[in-house]
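Next come the chains, spelled out residue by residue.
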Amino acid sequence: MNKIAFIIPGYVESKKSNPAYAKIAGYFREKGMRTVIVNIDWRYKVMSDYVKQFKETYAKCDINGAEVYFLGFSYGAMIAFISSTELKPKIQILCSLSPYFKEDLPHIPTWWKKYVGKKRMADLQKISFNDSAGKISSKVILLAGNKEGVEVEKRVRDAESKIKNSKLIMIPKAKHKIGQREYLAEIKKVISKL
């Protein structure tokens, strides 16, 4: 069976900056899948731009009837989730789904908003989790560390309740670091069962 996995890094990360993504690609290859680690140009761009970049990368790949899998971390999980309403992967693994949807913004700390910047915040105001959740047809596996903070936990628990075919796995001792040993071990376990 022809299978391809797209791996979307977290904000300002890349295959070069974080070796965890190459490890994750290796887990997919062990299952006989082709892998694409998506290169996002983060500078001076907003979420809508990131989604567009991912769709362009996807369009250039030879999908040709392949079973498609997405794995995204943090902002990468948002990109995967938003894109999945149109691209329809078989399964998506959303790691530490960022709480930056329109519904989350009133509840996040002020310093998070400052860090993201006005231009990105204005774009995020237009991206509704609830609007997309009802359009998801793929199986969704949500992963999050139990040491990530209340905002991420609230987002993933809400996601599990609103996405039909979803399952949440909380990872003991894991922080917001995809390269953490506990986090990678859980990702490996999830991929091994695909």
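Refer to the structure above for everything that follows.
The following refers to the structure shown. These numbers come from a predicted model, not from an experiment.

Definitions and limits used
Every chain is numbered independently, its residues counted from 1 as its sequence is written. Local features in a predicted model are, by the rule used here, given only for residues with pLDDT of at least 70; side-chain atom pairs are given and counted only at 80 or more, and totals for whole chains, interfaces and linings are based on all residues. Derived side-chain values reflect all non-hydrogen atoms in the structure, with water molecules and hydrogen atoms excluded from consideration. Counted as salt bridges are all cases of a side-chain nitrogen of Lys or Arg within 4 Å of a carboxyl oxygen of Asp or Glu. Note on conventions: DSSP H or I runs of at least 4 residues are helices, E runs of at least 2 residues are strands, and numbering of each starts at the N terminus. Classification of residues uses two cut-offs on accessible area relative to the type maximum, computed with a 1.4 Å probe and protein chains only: under 20% is buried, over 50% is exposed, and between them is partly exposed. Being paired, for any two strands, means DSSP has found at least two bridges between them. To obtain an axis, a line is fitted to C-alpha atoms, over the contacting stretch when the element is a helix, and the angle between two such axes runs from 0 to 180 degrees between their N-to-C directions. What makes two residues a contact is simply this: any of their non-hydrogen atoms within 4.5 Å.

Some points on the pattern of salt bridges
Close approach of charged atoms lets side chains of opposite charge pair. One pass over the full model with this rule turns up 11 salt bridges. A salt bridge links Lys-52 to Glu-56; its shortest N-O distance comes to 3.7 Å. In this pair, Lys-52 and Glu-56 both sit in helix 2 (residues 47-60), four residues apart, roughly one turn of the helix. Residue classification places Glu-56 among the partly exposed residues on the basis of a relative accessible area of 39%. Residues Lys-189 and Glu-186 are paired through a salt bridge, measuring 3.6 Å at the closest nitrogen-oxygen approach. Placement of the pair is Lys-189 and Glu-186 together in helix 8 (residues 181-192), with a separation of three residues, close to one helical turn.

As for the sheet that holds strand 1 (residues 3-8)
The sheet built from six strands is open, its strands ordered 2-1-3-4-5-6 with parallel pairing. Of all strands in the sheet, those bounded by a partner on one side alone are strand 2 (34-37) and strand 6 (166-171). Here the strands of the sheet are splayed against their neighbours by 15 degrees on average, with no regard to which way each runs. Here helix 7 (residues 150-162) sits on the sheet and contacts strand 5 (139-145) and strand 6; the angle it forms with strand 6, its principal contact strand, is near 155 degrees.

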